[in-house]
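Analysis of the macromolecular model
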Amino acid sequence: MRSEILERIQTLLGQEDLESIRADVRSAMEEFRSLTQEEVRKQREAWTPAEGSTSEVFEYVAAPEEALFEETISQFKNREKEWRKQVAEEQRANLETKLAMLERLRHTIQEEEKIGAAFVVFNEVREAWSKVGEVPGDRHKEVHDHYYRLQDEFFYNINIYKQLKDHDFHRNHQMKMKIIDQLKALQKVDSIKEAETGLKK
């Protein structure tokens, strides 16, 4: 039974993608160790001191596959260590990328006056953000909270901008209507000179 588990672990470790097999390997390791503990218990129960032996201490007789198991697990742990190191490097690179995106978004919110250009940057950052992988766990909350705060600030500013635009449009409309009323009034003026002066104004 243990030899079958060992074979399964070795087959799993033959795969390239360590992340996808880690849980299965760890489960098989637990299974192997559990069976080994059961074997130790059986040997202890069956043990009696040999006749004429001065030793009263039980000594477990390990099966040959146990040494191979430990060697295989050592290889797994070394691979896992390298994998963790690689993941940590990738996450640090992702953090730098996301921090640069946050800075670009912050700068756009504070400096860009053209709404169209601001939306272009915002959409580029939003699309790129979802493609960048995870950041280190201790910075995850901070980085993502900052991103969503900037998103809120962006839409708040856009809303204010739209309100100001609407106000300007409304004000301009009122002013134009006033001018139209003045032009209509000029039609009733008899003096051409007075009408020309009014028209120029």
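All residue numbers here refer to positions counted from 1 along the written sequence of the relevant chain. In keeping with the predicted nature of the model, local features appear solely for residues at pLDDT of at least 70, side-chain atom pairs appear and are counted solely at 80 or more, and the whole-chain, interface and lining totals rest on all residues. Note that water and hydrogens are dropped before the side-chain values are worked out from all heavy atoms of the structure.

1. Details of the nonpolar core
Stated precisely, the cut-off is as follows: Side-chain atoms within 4.5 Å link the members of a nonpolar core, which is a set of buried Ala, Val, Leu, Ile, Met, Phe, Trp, Tyr and Cys residues. In this scheme, a residue with accessible area under 20% of its type's maximum is buried, one over 50% is exposed, and one in between is partly exposed, where area comes from a 1.4 Å probe on protein chains only. Counting from the N terminus, the helices are DSSP H or I runs at least four residues long and the strands are E runs at least two residues long. The contact definition used throughout considers only heavy atoms, calling two residues in contact when any of these lie within 4.5 Å.
Among the nonpolar cores identified, the biggest contains 17 residues, and Leu102, Leu105, Val125, Trp129, Tyr147 and Phe154 are the most heavily contacted of them. Only α3 (64–111), α4 (115–131) and α5 (137–186) provide two or more residues apiece to this core. Once residues within four sequence positions are removed from consideration, Leu105 is found in contact with Phe122, Val125, Tyr147 and Leu150. One finds Leu12, Val25, Ala28 and Phe76 within the second-largest nonpolar core, a separate group that totals 15 residues.

2. Overview of helix α1 (residues 2–13)
The line we're drawing: A helix is expected to reach a length of 1.5 Å times the quantity of its residues less one. Taken from the helix axis, the directions to the C-beta atoms give the arc we talk about.
Taking 1.5 Å per residue, 12 residues should reach 16 Å; α1 reaches 16 Å between its end C-alpha atoms and fits that length. Inspection of α1 places Arg2, Ile5, Leu6, Ile9, Leu12 and Leu13 among the buried residues, and these make up the whole buried set. Down the axis of α1, the smallest arc covering the buried residues is 120°, so these residues share one side. Facing away from the buried side of α1 by more than 90 degrees, the exposed set consists of Glu4, Glu7 and Thr11.

3. Points about a nonpolar patch on the surface
We count it as follows: Two distance rules govern patches: like charges are joined within 9 Å, and nonpolar side chains (Val, Leu, Ile, Met, Phe, Trp, Tyr) within 5 Å, applied only to residues with over 30% relative accessible area and no salt bridge. The Shrake-Rupley method, run with a 1.4 Å probe sphere, supplies the accessible areas, and residue values consider only the shown protein chains as cover. Any carboxyl oxygen of Asp or Glu within 4 Å of a side-chain nitrogen of Lys or Arg constitutes a salt bridge here.
On the surface, Tyr156, Ile160 and Leu164 cluster together to form a nonpolar patch covering roughly 300 Å² of accessible area. Among the structural elements, Ile160 can be located in helix α5.

4. What about the environment of Gln91?
For Gln91, the location among the structural elements is in helix α3. As for Gln91 and Ile158, which are separated by 67 residues in sequence, their C-alpha atoms are 32 Å apart. Look past the residues within four positions of Gln91 in its chain and what remains in contact with it is Glu134, Val135, Pro136 and Gly137.

5. Thoughts on the pattern of salt bridges
Oppositely charged side chains can form a pair if their charged atoms are brought close together. Per the counting criterion, the structure on display carries 13 salt bridges. Between Arg2 and Glu65 there is a salt bridge, with the nearest N and O atoms lying 3.9 Å from each other. Here Arg2, found in helix α1, pairs with Glu65, found in helix α3; they are 63 residues apart in sequence, far enough to count as distant. Several salt bridges converge on common partners, so that one network encompasses Arg22, Arg26, Glu80 and Arg84.

6. Topic: the packing of α4 against α5
The following threshold applies: Lines fitted to C-alpha atoms define the axes here, with helix axes fitted over just the stretch in contact, and angles between the N-to-C directions of these axes take values from 0 to 180 degrees. Angular relationships are summarised with four words: roughly parallel below 35 degrees, roughly antiparallel beyond 145, roughly perpendicular across 65 to 115, and oblique for the angles in between. Here a crossing is called left-handed whenever its near helix is offset anticlockwise from the far helix by less than a right angle, and right-handed whenever the offset is clockwise. Gly falls in the polar group here, along with every residue not listed as nonpolar (Ala, Val, Leu, Ile, Met, Phe, Trp, Tyr, Cys, Pro) or charged (Asp, Glu, Lys, Arg).
Across the interface, α4 lies against α5 with an axial gap of 12 Å and an inter-helix angle of 160°. Relative to α5, the element α4 is oriented roughly antiparallel. As α4 runs across α5, the sense of the crossing is left-handed. Between α4 and α5, the residues in contact are Ile115, Ala118, Phe119, Phe122, Val125, Arg126 and Trp129 and Val143, His144, Tyr147, Gln151, Phe154, Phe155, Ile158 and Tyr161, respectively. Its residues assigned to classes, the contact of α4 with α5 comprises 12 nonpolar, two polar and one charged.

7. Re the environment of Asp138
With respect to the helices and strands, Asp138 occurs in helix α5. Classification of Asp138 by relative accessible area gives exposed; the value is 66%. Along the primary structure Asp138 and Gln174 are separated by 36 residues, whereas in three dimensions their C-alpha atoms are 56 Å apart.

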